[in-house]
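# Descriptive structure summary
Chain by chain, the residues run as shown.
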Amino acid sequence: MIRTTSDLGLAARQGYDAIIDVRSPGEFAEDHIPGAINLPVLDDAQRAEVGTMFVQRSKFLARRIGAAHVARNIAGHLETALADRDGTFRPLVYCWRGGQRSAAMATVMEQVGWPVTRLEGGYQTWRRKVVADLYGRDAPADTALRLVLLDGYTGSGKTGILRRLPQEGVQTIDLEALADHRGSLFGAMSVAQPAQKQFESRIAGTLDRLDRTRPIVVEAESSRIGNLTLPPVLWAAMKTAPRIEVTVPIAARVALVLKDYQEIGADPQALEAALRRLPRHHSRETVAGWITAAREGRLAPLVTDLMLQHYDPAYRRGANARPPALATLALNGTSERDLRVGSRHVAEAVARLDGPLGLVGSAFLRAGAVEAG
């Protein structure tokens, strides 16, 4: 008999040699369980063909043709993606609702001799878990997120510090990496952003690996990163989280932005298109001047002007809505050494916040600057 499960906890997922999503590539692209591989029993065109035939012509014919597609596709997977798996292979298989597609794959796998498990409820079981985790209003108090925000002006090296913190033993969530976007108007990357559901699955998968009883550092973001919206549980925690503010001289900030945004800087058309999407409170003359600088390749003065007239004022306007900073981490620059020193100071601050009293009531770093050279 084929085993079934509805347990999608991290330990349970890690107990399988592979999590196999047998839905079509289009369904898989929209969202899937973290770490799953896509071995579709019907591709997108076949799924559309069978579905149309089922509704418009004959249910029997649709099932017969669909079964033929499924048999050929499963055979193909056995001869390719699964060809090197021995008899100890332990897969978890799922489809949309735990119906016919996963049943077909699991039946063949069981006949091969693999100890296969089928996910009850399919992908919808995973989605319910994600929604409960990221949207739930009645979550137990011990699952609340203890976030610490890494904040500061654009170009102050926050992302670089954040990505070095795991080496210091600090828990982090890299939202920009999960969103495939740098979080600003000019932050689009060469890869497309994931769908909203996949973004949420990435966040949920990351949270599964973290200890919620201890602080988790995230970079301060708005409620949207590119085209994606932060889920309510995360955004609510971020709005009340204590902050560690990073400051860097303007020249070093400009240099870092020019380095990090080389891709859009080398594409005058993309840069101009982004400039035209700036908020309307900037005068036409100002935006026209920025567009001219972009066309002429005068990127350093353009970035400096954007910081002083657009990003920095926006950051200051939002200051009233943010909790007071626990500390200011003053860096001389954004070199590798600066970022390593910065990450070490942040790790020390987080370690002092990580105690039985939690973040509330800690007197550490309430005033003054931490100098790092």
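Keep in mind the model is a prediction, meaning the values are calculated, not measured.

Side chains carrying opposite charge are able to pair once their charged atoms draw close together. Taken as a whole and judged by the stated rule, the model has 17 salt bridges. We note a salt bridge from Asp208 to Lys129, for which the minimum N-O separation is 3.2 Å. Linking Asp208 in helix α9 (residues 196–208) with Lys129 in helix α6 (residues 123–135), this pair joins segments that are 79 residues apart in sequence. Since its relative accessible area comes to 25%, Lys129 is described here as partly exposed. In this structure, Glu336 engages Arg164 in a salt bridge whose closest nitrogen and oxygen atoms are separated by 2.6 Å. In this pair, Glu336 sits in helix α16 (residues 336–353) while Arg164 sits in helix α7 (residues 158–164), placing the two residues 172 residues apart along the sequence. Glu336 gets classed as partly exposed once you look at its relative accessible area, which sits at 41%. Here the salt bridges share partners, and the residues they tie into one network are Arg13, Lys129 and Asp208.

Our next topic: the pairing of strand β8 (residues 216–219). Each regular strand displays side chains that alternate between the two surfaces of the sheet. Here β8 shows a buried face lined by Ile216 and Val218 and a second buried face lined by Val217 and Glu219. The pairing of strand β6 (residues 147–152) with β8 spans four bridges and is parallel. By the bridge assignment, Val148 is partnered in β8 with Val217. Sheet topology places strand β7 (residues 171–173) next to β8; three bridges connect them, and they run parallel.

Taking 1.5 Å of rise per residue, 12 residues should cover 16 Å, and helix α14 (residues 284–295) covers 16 Å from first to last C-alpha, within 8% of that figure. Burial in α14 covers these residues: Val287, Trp290, Ile291, Ala293 and Ala294. Each buried residue of α14 lies within a common arc of 160° when the element is viewed along its axis, so the set occupies one face. What points out from α14, more than 90 degrees from its buried face, is the exposed set Arg284, Glu285 and Arg295. For α14, the secondary structure elements touched by its buried residues are α13 (268–276) and α15 (299–317).

A few words on the side chain of Arg253. By the element assignment, Arg253 lies in helix α11 (residues 250–260). Side-chain polar atoms of Arg253 contact the backbone oxygen of Thr154, separated by 2.8 Å. Residues within four places of Arg253 in sequence aside, it is in contact with Tyr153, Thr154, Gly155, Ser156, Val248, Met307 and Asp312.

Conventions we followed
- Residues numbered from 1 in each chain as written.
- Predicted model: local features only at pLDDT ≥ 70, side-chain atom pairs only at ≥ 80, totals over all residues.
- Heavy atoms only, no water.
- Salt bridge = Lys/Arg side-chain N within 4 Å of Asp/Glu carboxyl O.
- Helix = DSSP H or I, 4+ residues; strand = E, 2+ residues; numbered from the N terminus.
- Buried < 20%, exposed > 50% of the residue type's maximum accessible area, 1.4 Å probe, protein only.
- Pairing = 2+ DSSP bridges.
- Expected span 1.5 Å × (residues − 1).
- Arc of directions from axis to C-beta.
- Contact = heavy atoms within 4.5 Å.
- Polar contact = N/O pair within 3.5 Å; in protein donor to acceptor, adjacent residues only side chain to side chain.

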